[in-house]
Amino acid sequence: RLCRAQMVSLPKAEVHVHLEGCFDPEQLAVWALSSGIPMPRKQDELLNFNGLADFLAFLDWSCGLVSSRERLAQLSYSYAQRLSQNGGLYADLIFNPTHWKTWRGRLGEMIDAIDAGLRAAEEDGLASVGLCVSLLRQQTAAEASELVDFLTALRHPRVVALSIDGNEAVTKGSGTRFAQAFARAGRAGLKRTVHAGESSGAEGVRDAILLLGADRIDHGVRAIDDPAVVALLAERRIPIGVCLTSNIKLGVYPRYAEHPLRRLRDAGVITTINTDDPVLLQTTLVDEYLICQNEFEFSPHDIVDVALNSLAASFASDEAKMTYR
Ligand code: ADE
Ligand code: ZN
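(A) Seen up close, empty space enclosed by the protein. In this structure the tally under the stated criterion is 2 cavities of 30 Å³ or more. There is about 110 Å³ of room inside the largest cavity. Taken together, 14 residues make up the lining of the largest cavity; nearest its centre are His18, Phe55, Leu56, His195 and Asp277. No other element matches helix H3 (residues 51–63), which puts 4 residues into the lining of the largest cavity. Per-class residue counts for the lining of the largest cavity are 4 nonpolar, 5 polar and 5 charged. Roughly 50 Å³ of internal volume is contained in the second largest cavity. Of all the elements, helix H4 (residues 69–85) adds the most residues to the lining of the second largest cavity, at 3 residues.

(B) Broad picture of the state of the cysteines. In the structure shown here, the tally under the stated rule is 0 disulfides. You can see cysteine 3 has no disulfide; the closest cysteine sulfur is in cysteine 292, sitting 16 Å from it. Here cysteine 292 is not cross-linked by a disulfide; its sulfur's nearest cysteine counterpart is in cysteine 243, at 11 Å.

(C) A look at the packing of helix H12 (residues 285–295) against helix H13 (residues 300–313). One way to put it is that H12 packs onto H13 with a least axis distance of 11 Å and a crossing angle of 145°. As H12 packs across H13, the resulting crossing turns out to be right-handed. Across the interface between the two elements, Tyr289, Cys292 and Gln293 from H12 touch Ile303, Val306, Ala307 and Ser310 from H13. Of the residues assigned to the contact of H12 with H13, the class counts are 5 nonpolar, 2 polar and no charged.

Conventions adopted
- Residues numbered from 1 in each chain as written.
- Chains lettered and ligands numbered in written order.
- Predicted model: local features only at pLDDT ≥ 70, side-chain atom pairs only at ≥ 80, totals over all residues.
- Heavy atoms only, no water.
- 1 Å grid on protein atoms, 1.4 Å probe; cavity = no way out; pocket = protein on both sides within 12 Å on 5 of 7 lines; lining within 4 Å.
- Points joined across faces, edges and corners; volume = space filled by probe spheres on them.
- Helix = DSSP H or I, 4+ residues; strand = E, 2+ residues; numbered from the N terminus.
- Nonpolar A, V, L, I, M, F, W, Y, C, P; charged D, E, K, R; others polar.
- Disulfide = S-S within 2.5 Å.
- Axes fitted to C-alpha atoms, helices over the stretch in contact; angles between N-to-C directions.
- Left-handed = near helix turned anticlockwise from the far one by under 90°.
- Contact = heavy atoms within 4.5 Å.

Here it is, written out as structure tokens:
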């Protein structure tokens, strides 16, 4: 068995994590008080989420408390710091502009502020981080197209991917709606990552692969409900970004005993281990690796394998990947 320190020292990446999930709850309470914005519930119940929809509504509230460039840069810096403390060398960080009400229409400024925080972290010797700019599942085809136009014109070196997150249950069959925008993003050199198989079943994973050209699937665990979709993931070598604590806390599975992590790995699906929303879900990357060992009986070999998968599955440049060993 590997001890915590050994888990920390394993070279690894995080490939499924949201900037919106990195708020410190005490900091949020201070900001809410000083800006006169009411708390959604009592402080000691702030992180008791009642499923994904409630969690996403919480993000609208918490992101609404961040109006300054400094706060956004600081939040980004502190994520890189936390990743480094967990032995992470690189991360693909998802950021969804729709949660950040006070920044509406100022996406370029937001990206610059996040970039400033991440650049400062790199200058301090911390992990490097690429940004995945995300659509929310219920957005329109026109909004998706507009985002792709913006990102391809901007060509910001920090932005590595287009993403979709949010609640897959609110709009069925949205793969078709986003297909054109995703195809254009791919042609413009952006990677593509899609939340699927969390609040959707296996069909959401199939759509992400066949309609959206996903290079990676965020969650993907409910692919297990359709053996053909599991085979599609394995054959096309499309990695999935599994988030164990998140799946339990947000109610995708009631217990680890029901979680398909091991069955997906055994079926040949390239699997990575991630936090999703580390601070709000009160976990760390190393805690997630420890859960693999404690709840899924991962051997040291299995643990090393998922860590290597994470580096290979990341959207870091090939040059950077050579140095992550
Ligand atoms: N945004 C932040 N965390 C998320 C999750 N687990 N699923 C969908 N959207 C999210
Ligand atoms: Zn996620």
